[in-house]
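Chain and residue survey
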Amino acid sequence: MQTPTLHHAGPERNHHALDASELHVRQDLMDYIKHYASEKPEVAALWCFGIGFVLGWKLKPW
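Quantities reported herein were computed from a predicted structural model and do not represent experimental measurements.

A tally of regular secondary structure across the chain gives 2 helices and 0 strands. Expressed as a percentage of its 62 residues, the buried residues of the chain come to 3%. Element-wise, carbon and sulfur atoms account for 68% of the exposed surface of the chain, whose accessible area totals about 6100 Å².

Have a look at this one:
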């Protein structure tokens with residue numbers, strides 16, 4: 001009897017079984033976004049507003 005492994009290749013891969021390089025990429029991206037937002041809060045706010053507007057327009061919850 002084979003035991004299942006946590007690491008799969010393909011879309012069915014377990015999202016909890018991330019390797020270290022993927023974790024570093026995500027953390028680095030979040031650090032960059034936080035730094036950019038602290039440097040240019042107006043631009044970050046406009047991006048958030050624009051993304052929220054497009055998502056709200058496309059999803060139309062009513």
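A few words now on helix H2 (residues 41–59). For H2, which comprises 19 residues, the first-to-last C-alpha distance of 27 Å matches the rise-based estimate of 27 Å (1.5 Å per residue) to within 8%. Downstream of H2 by a residue or two, Lys 60 has a phi angle that is positive, lying close to 40°.

For the rest of this paragraph, the subject is the packing of aromatic side chains. Inspection of the entire model under this criterion finds 2 aromatic pairs. The cationic tip of Lys 58 hangs over the ring face of Trp 57; the distance from NZ or CZ to the ring centre is 4.5 Å.

Glancing now at the packing of helix H1 (residues 20–39) against H2. Describing two packed helices takes the angle between their axes plus the distance from one axis to the other. Packing of H1 against H2 brings their axes to within 5 Å, and their N-to-C directions diverge by 115°. Across from Tyr 36, Ala 37, Ser 38 and Glu 39 in H1, the residues of H2 making contact are Pro 41, Val 43 and Ala 44. Among the residues making up the contact of H1 with H2, the classes are represented as 5 nonpolar, 1 polar and 1 charged.

The next subject is a nonpolar patch on the surface. Residues Val 43, Trp 47, Ile 51, Leu 55 and Leu 59 make up a contiguous nonpolar surface patch of about 540 Å² in total accessible area. A relative accessible area of 32% places Val 43 in the partly exposed class.

What follows concerns the environment of Ala 44. Within the element layout of this structure, Ala 44 appears in helix H2. Assessed through its relative accessible area of 17%, Ala 44 is described here as buried. Sequence separation between Ala 44 and Ile 33 is 11 residues; the distance between their C-alpha atoms is 8.7 Å.

Criteria and cut-off values
- Residues numbered from 1 in each chain as written.
- Predicted model: local features only at pLDDT ≥ 70, side-chain atom pairs only at ≥ 80, totals over all residues.
- Heavy atoms only, no water.
- Helix = DSSP H or I, 4+ residues; strand = E, 2+ residues; numbered from the N terminus.
- Buried < 20%, exposed > 50% of the residue type's maximum accessible area, 1.4 Å probe, protein only.
- Areas by Shrake-Rupley, 256 points an atom, 1.4 Å probe, with all protein chains shown as cover.
- Expected span 1.5 Å × (residues − 1).
- Phe/Tyr/Trp six-rings, centres within 6.5 Å; stacked < 30°, edge-to-face > 60°.
- Lys NZ or Arg CZ within 6 Å of the ring centre and 35° of its normal.
- Axes fitted to C-alpha atoms, helices over the stretch in contact; angles between N-to-C directions.
- Contact = heavy atoms within 4.5 Å.
- Nonpolar A, V, L, I, M, F, W, Y, C, P; charged D, E, K, R; others polar.
- Patch = residues over 30% accessible without salt bridge, like charges linked within 9 Å, V, L, I, M, F, W, Y side chains within 5 Å.
- Salt bridge = Lys/Arg side-chain N within 4 Å of Asp/Glu carboxyl O.

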